[in-house]
Amino acid sequence: MSSVPTVLDLALPSIAALQPYQPGKPISELERELGLSGIVKLASNENPLGVSPTVAAEIVKASATVSLYPDGNGFGLKAALACFYDIDTLQITLGNGSNDVLELIARAFVSPSDEVLFSEHAFAVYPLVTQAIGATAVISPAKDYGHDLAAMAARITAKTKAIFIANPNNPTGTYLAADVLVDFIADVPRQTIIVVDEAYVEYGDEGKASIAWLAQYPNLIITRTFSKAYGLAGLRVGYALSHPDVADVLNRIRQPFNVNNIALAAAEAALADQDYIAQSKINNAVGMGKMIRALTDLKLESIPSHGNFITIDVQQSGAVVYDALLRKGVIVRPIGNYGLPNHIRVSIGTQAENQTFIAALTDIL
Ligand SMILES: *Cc1c(COP(=O)(O)O)cnc(C)c1O
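Because the structure is predicted, anything quoted here is derived from the model rather than measured. (Residues numbered from 1 in each chain as written. Predicted model: local features only at pLDDT ≥ 70, side-chain atom pairs only at ≥ 80, totals over all residues. Heavy atoms only, no water.)

Student: Honestly, the packing of helix H6 (residues 98-109) against helix H7 (residues 125-133) in this entry has me stumped. Any pointers?
Tutor: Interhelical geometry of H6 versus H7 gives an angle of 35° and a closest axis separation of 10 Å. Handedness of the crossing formed by H6 with H7: right-handed. The segment H6 lies against H7, with Asn99, Leu102, Glu103, Ala106 and Arg107 engaging Val125, Tyr126, Val129 and Ile133. (Axes fitted to C-alpha atoms, helices over the stretch in contact; angles between N-to-C directions. Helix = DSSP H or I, 4+ residues; strand = E, 2+ residues; numbered from the N terminus. Left-handed = near helix turned anticlockwise from the far one by under 90°. Contact = heavy atoms within 4.5 Å.)

Shown next, in the form of structure tokens:
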């Protein structure tokens, strides 16, 4: 090494070694690269129905307030969430997306000498927030692509400061039933924070089950988001529900204005529009059913999914199939970085988008 340090040498070693999160390819980028139009993006599990009309109206209204700082305490949104879940506002931490909250949790509770436990094929943000701190990631083997809770329990040590479980999991779509998950949580030592990341909970039928656990387990944090079923991915708003003491800690390190005016107003309106969630769920269920039938016709297996996406075994390099789909104007997600090199993850879109994907995939295979 030369005697003159590079900027990378100046960075914390754990951060210099980080591989940044790989987001789904934006439509505009593929348009620029290939000069295509009419691109279908099924890569980031966004709501294909777009934003609900009542929320769109609130966004226009709230745009008149952008010269002012937002309410740093998010009073209106927290009051709406507290009412929706029948909890106290002091149990809520708002985030710039739930990703923000996941990072706050790691920063607030985990030190470099600690261990953070999560499963193989778990959401990519967990290793990222762990490594950014310089803590040790303990990766438990998966079972049938999903969480093996017995294997995870066996890996809890005195150093385990946090456990992350996405339910349903991304990118596999696997799901732990409420009764199974709560048995695991009950056995987690109180000095270990357990995070249940419910980004896709609206697509299932146990939406409020975990909320009741908060009263019993002060080390439990539930994270949720407006990015997926609520259709507000671009506005960046998510939240954590926890014991008030945990929320107090998280709110100390949160940026004072981490959720903007428009996001606060839109999220509050979105929460009130449960008809849109019901409609989104139906679109997803119908699309999922048709997608599975089309994949069966193509003799392809997929992992049974409880989210708004499906992970398909393409029986060859997922990266190659991903590239071929891009050239046909369809963006999906290769997931070799999740330890699934022969799978692709595909969001359930509108019925037309799903058909475009199936036609492109049929051509390629
Ligand atoms: C999409 C996703 C998130 C983060 O979404 P935000 O847009 O940051 O709220 C969190 N967890 C999982 C499992 C996800 O798939």
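Student: What is the right way to read the sheet that holds strand E8 (residues 238-242) from this model?
Tutor: Strand-to-strand pairing in sheets goes through backbone hydrogen bonds, with the strands running parallel or antiparallel. The 7 strands are arranged E2-E8-E7-E6-E5-E3-E4 in an open sheet whose pairing can be described as mixed. Where the open sheet ends on each side, the last strands, each with one partner, are strand E2 (92-95) and strand E4 (136-140). Strand after strand, the sheet turns through a mean of 20° between neighbouring axes, direction not considered. Pairing geometry for strand E5 (residues 160-166) and strand E6 (residues 193-197), over 5 bridges, is parallel. Counterpart to isoleucine 163 in the pairing with E6 is isoleucine 194. In the packing of helix H9 (residues 178-187) onto the sheet, contacts are made with E5, E6 and strand E7 (220-225), and the angle to E6 comes to roughly 160°. (Pairing = 2+ DSSP bridges.)

Student: In this structure, what is going on with the environment of serine 119? I would like to understand it.
Tutor: When you line up the elements, serine 119 lands in strand E3 (residues 115-119). Taking the C-alpha atoms as reference points, serine 119 and histidine 147, separated by 28 residues in sequence, lie 6.1 Å from one another. Those residues in contact with serine 119 that sit more than four places away from it in its chain are Ile139, Ser140, Pro141, Ala142, Gly146, His147 and Met152.

Student: I'm lost on the pattern of salt bridges in this one. Help?
Tutor: Any two side chains of opposite charge can pair, given that their charged atoms come close. Summed over the entire model, instances satisfying the criterion amount to 8 salt bridges. In this structure, glutamate 46 engages lysine 41 in a salt bridge whose closest nitrogen and oxygen atoms are separated by 2.9 Å. Note that glutamate 58 is salt-bridged to lysine 61, the shortest N-O span being 3.3 Å. With glutamate 58 and lysine 61 both in helix H4 (residues 53-62), this residue pair falls 3 residues apart, about one helical turn. The exposure class of glutamate 58 is partly exposed, given its relative accessible area of 26%. For lysine 61, a relative accessible area of 58% puts it in the exposed group. Salt bridges linked by common partners bring Lys25, Glu29 and Glu33 together as one network. (Salt bridge = Lys/Arg side-chain N within 4 Å of Asp/Glu carboxyl O. Buried < 20%, exposed > 50% of the residue type's maximum accessible area, 1.4 Å probe, protein only.)

Student: Before we go on, may I ask you to explain the site of the ligand in this structure?
Tutor: Taken together, 13 residues surround the ligand, and among them Asp197, Tyr200, Thr225, Ser227 and Lys228 come closest. Separating an oxygen atom of the ligand from a side-chain N or O atom of asparagine 170 is a distance of 2.7 Å. Contacts to the ligand include aspartate 197, whose side-chain N or O atom sits 2.6 Å from a nitrogen atom. Protein chains shield 93% of the accessible area of the ligand, which is 390 Å² for the free molecule. Along the lines of polarity and charge, the residues of the shell around the ligand split into 4 nonpolar, 6 polar and 3 charged. (Near = heavy atom within 4 Å. Polar contact = N/O pair within 3.5 Å; in protein donor to acceptor, adjacent residues only side chain to side chain. Areas by Shrake-Rupley, 256 points an atom, 1.4 Å probe, with all protein chains shown as cover. Nonpolar A, V, L, I, M, F, W, Y, C, P; charged D, E, K, R; others polar.)

Student: Honestly, the sheet that holds strand E13 (residues 343-347) in this entry has me stumped. Any pointers?
Tutor: Strands sit in the order E9-E10-E13-E12 across an open sheet of 4 strands; the sheet is antiparallel. What marks the edges here is a single partner per strand, and that holds for strand E9 (301-303) and strand E12 (333-334). When strand E10 (residues 309-313) meets E13, the two strands line up antiparallel, connected through 5 bridges. Among the inter-strand pairings, aspartate 313 is bridged to a residue of E13, identified as histidine 343.

Student: Just checking my understanding: could you explain the pairing of E7 for this structure?
Tutor: The element E7 is extensively covered by neighbouring structure, given that 6 of its 6 residues are classed as buried. Of the two faces of E7, the one holding Leu220, Ile222 and Arg224 and the one holding Ile221, Thr223 and Thr225 are both buried throughout. By the bridge criterion, 4 bridges tie E6 to E7 in an arrangement that is parallel. Considered in E7, the bridge of aspartate 197 is made with threonine 223.

Student: Is there a simple way to think about the packing of aromatic side chains in this case?
Tutor: Centre-to-centre distance and the angle between the planes together describe a pair of aromatic rings. Across all of its chains, the model carries 10 aromatic pairs by this definition. Between tyrosine 85 and tyrosine 239 the ring centres are 6.2 Å apart and the planes differ by 45°, which places this aromatic pair in the tilted class. One end of the pair, tyrosine 85, is in helix H5 (residues 75-85); the other, tyrosine 239, is in strand E8, with 154 residues separating them in the sequence. The same class applies to tyrosine 85 and to tyrosine 239, which are both buried. Through a chain of ring-to-ring contacts, the aromatic side chains of Tyr21, Phe118, Phe123, Tyr126 and Phe164 assemble into a single cluster. Above the ring of phenylalanine 84, the side-chain terminus of lysine 208 is found at 4.1 Å from the ring centroid. The ring of phenylalanine 309 has arginine 345 lying over it, and the distance from NZ or CZ to the ring centre is 5.8 Å. (Phe/Tyr/Trp six-rings, centres within 6.5 Å; stacked < 30°, edge-to-face > 60°. Lys NZ or Arg CZ within 6 Å of the ring centre and 35° of its normal.)

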